[in-house]
Amino acid sequence: MLALIEQHAGASLRTREDVVRFFEALKVQAARRQHAAATRHLVRELIIVCALVGAFGQYYFWDVSLQISKLPKAYYFVSAST
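Residues numbered from 1 in each chain as written. Predicted model: local features only at pLDDT ≥ 70, side-chain atom pairs only at ≥ 80, totals over all residues. Heavy atoms only, no water.

Here we take up the side chain of Asp18. Structurally, Asp18 is set in helix H2 (residues 16-69). Exposure remark for Asp18: the relative accessible area of 19% places this residue in the buried category. A polar contact of 3.2 Å, which involves the side chain of Asp18, links it to the side chain of Arg21. Sequence-distant contacts of Asp18, that is, excluding residues within four places in its chain, are made with Ser12 and Leu13. (Helix = DSSP H or I, 4+ residues; strand = E, 2+ residues; numbered from the N terminus. Buried < 20%, exposed > 50% of the residue type's maximum accessible area, 1.4 Å probe, protein only. Polar contact = N/O pair within 3.5 Å; in protein donor to acceptor, adjacent residues only side chain to side chain. Contact = heavy atoms within 4.5 Å.)

The structure is reproduced here in structure tokens:
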């Protein structure tokens, strides 16, 4: 078992403290990977939310523009009273 762990560690683990330090380092690496994955997930969701807000704003702008363009064009002339 120790030989397999030494192969994985790439170093000689001769004392109990060496083995404990190796497994603690593995825990730290796993925590870093988990934190990085959570950060990527948060950034990805933030980008998606921003894209949805942008899409809604664009849709609203075009909808209002289309409604304005469909308003009847009527010109009224008011004579000046003297």
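Past the structure itself, the notes keep going.
Our next topic: the packing of aromatic side chains. This structure, assessed with the given rule, holds three aromatic pairs. Pairing Phe22 with Phe23 gives two aromatic rings, centres 5.4 Å apart and planes at 65 degrees, and the pair type is edge-to-face. Judged by centre distance (5.8 Å) and plane angle (75 degrees), the ring pair of Phe61 and Trp62 falls under edge-to-face. Its relative accessible area of 55% is what places Trp62 among the exposed residues. (Phe/Tyr/Trp six-rings, centres within 6.5 Å; stacked < 30°, edge-to-face > 60°.)

Another point: the environment of Ala55. Topologically, Ala55 is positioned in helix H2. Spatially, the C-alpha atoms of Ala55 and Phe77 are 41 Å apart, while their sequence positions differ by 22 residues.

Bringing a nonpolar patch on the surface into the picture now. A cluster of nonpolar side chains, contributed by Phe56, Tyr59 and Tyr60, occupies part of the molecular surface with about 420 Å² of accessible area. For Tyr59, the position within the fold is in helix H2. (Patch = residues over 30% accessible without salt bridge, like charges linked within 9 Å, V, L, I, M, F, W, Y side chains within 5 Å. Areas by Shrake-Rupley, 256 points an atom, 1.4 Å probe, with all protein chains shown as cover. Salt bridge = Lys/Arg side-chain N within 4 Å of Asp/Glu carboxyl O.)

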